[in-house]
Amino acid sequence: MPGGNSGLSCPYNTQYIQMNLPCFYAESISVENECIVLDEDNSRHLVQVLRLKKGEQVQLTDGQGNLLTTSLVADQKKSAQVRVLSTEKCPPPAPRTAIGISLIKNTSRFEWFLEKAAEIGVNEIIPLICERTEKQHFRIDRMRNILISAMLQSRQVWLAQLHDPIRFSDVLTRFTLPQRFIAHCLDGERHSLSKLADAHRDNLVLIGPEGDFTQKEIEQALINRYTPVLLGKTRLRTETAGIVAATLLKSAY
């Protein structure tokens, strides 16, 4: 292991990434390596944009809880190299919050949801294909890059997991988190999500498309032990409903 404070662990309720240090995402980093060569994109940003010099510190995370504090030792624009000073391993966030949300016609609005949900700390995002979902091109690489940027912006070290789009009926049987909610606007008994969230249990909330879930979909969810919930007194756009749900669930912790 590299020298310094290697192998430290950090509790999830602390600030992982130091506010005064730039941080970069590296998908594959080994805490066993003393030196790491950065890819071309990270190298160019570090050297040309931030204009960091040899000896200045940079942090790296792989989005899987590893946080490395490093020092720049080679400032090449295409292959900058850093020396590992210390490593920390942060445990996965608990409890987990998952949002199952319908794809929407306006891609930019869905991408806005992804960015804000990641900043809030949503751990898992499940794009839904519902009966009223309008088709759109799902650019998973672009959306994953949005999640990476949001993770770094909000100084986190766990990257939100983004699933491939899944049909509504399949999400009901594939994802069986202890707390399962469905938010809808149809008549019937519904409870305030803010009053039901349990701070000690993993949770999943489903958000419907523009036009809402169908009655059939709601009935299917109830059969699969989903609790119908309200997000407030006003009718919300799909992406807004997703952010409100995420905020209510995360604020319970």
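Residues numbered from 1 in each chain as written. Predicted model: local features only at pLDDT ≥ 70, side-chain atom pairs only at ≥ 80, totals over all residues. Heavy atoms only, no water.

The contact between helix α2 (residues 107-120) and helix α7 (residues 238-251) brings their axes to 9 Å, and the two run at 10°. Considering their axes alone, α2 and α7 lie roughly parallel with respect to each other. Within the contact between the two elements, α2 uses Arg109, Trp112, Phe113, Lys116, Ala117 and Ile120 and α7 uses Glu239, Gly242, Ile243, Ala246, Thr247 and Lys250. (Axes fitted to C-alpha atoms, helices over the stretch in contact; angles between N-to-C directions. Helix = DSSP H or I, 4+ residues; strand = E, 2+ residues; numbered from the N terminus. Parallel < 35°, antiparallel > 145°, perpendicular 65-115°, else oblique. Contact = heavy atoms within 4.5 Å.)

All right, on to the nonpolar core then. One broad trend across soluble globular proteins is that nonpolar side chains are buried collectively. Core analysis: the biggest nonpolar cluster contains 40 residues, and Ile99, Phe110, Phe113, Leu114, Ile125, Leu147 and Ile207 have the highest contact counts within it. Broken down by secondary-structure element, the contributors of at least two residues to this core are β2 (23-25), β7 (97-102), α2, α3 (140-153), β11 (179-183), β13 (203-207) and α7. Here Ile125 is in contact with Ile99, Ile101, Phe113, Leu114, Ala117, Leu147, Gln161, Leu162 and His163, once residues within four sequence places are set aside. Ala98, Ile126, Cys130 and Ala221 belong to the second largest nonpolar core, which has 17 residues in total. (Core = buried A, V, L, I, M, F, W, Y, C linked by side-chain atoms within 4.5 Å. Buried < 20%, exposed > 50% of the residue type's maximum accessible area, 1.4 Å probe, protein only.)

A few words on the packing of aromatic side chains. What the rule picks out here adds up to two aromatic pairs. Measuring from ring centre to ring centre gives 6.1 Å for Phe110 and Phe113, while their planes differ by 50°; the resulting arrangement is tilted. One end of the pair, Phe110, and the other, Phe113, are both in helix α2, three residues apart, so they sit about a helical turn from each other. Judged by its relative accessible area of 0%, Phe110 is buried. (Phe/Tyr/Trp six-rings, centres within 6.5 Å; stacked < 30°, edge-to-face > 60°.)

What follows covers the confidence of the model for the protein. Residues with a pLDDT of 70 or more make up 91% of the protein, whose mean pLDDT is 88. For residues 1-15, every residue scores under 50 in pLDDT, and the model assigns this stretch 36 contacts once sequence neighbours within four places are set aside. (pLDDT = per-residue confidence, 0-100.)

This next bit is on the environment of Asn224. If you trace the backbone, Asn224 turns up in the loop between α6 (215-223) and β14 (227-230). What Asn224 contacts, discounting residues up to four positions off in sequence, is Leu172, Thr173 and Arg180.

Once that is clear, we can look at the side chain of Thr69. Position of Thr69 among the secondary structure elements: in strand β5 (residues 66-74). Looking at Thr69, the relative accessible area reads 7%, which means it is buried.

Most of strand β4 (residues 57-61) is tucked away: four of the five residues are buried. Taken together, the five bridges between β4 and β5 define a ladder with antiparallel strand orientation. For Gln57, the partnering residue across the bridge sits in β5 and is Ser71. In this antiparallel pair of consecutive strands, β4 and β5, the connection spans four residues, and Gly63 shows a positive phi of 75°. (Pairing = 2+ DSSP bridges.)

A separate point is the pairing of β14. Across a regular strand the side chains alternate sides, sitting on one face of the sheet and then on the other. As judged from the three bridges shared by β11 and β14, these two strands associate in the parallel manner. When the bridges of β14 are listed, Phe181 appears paired with Thr227.

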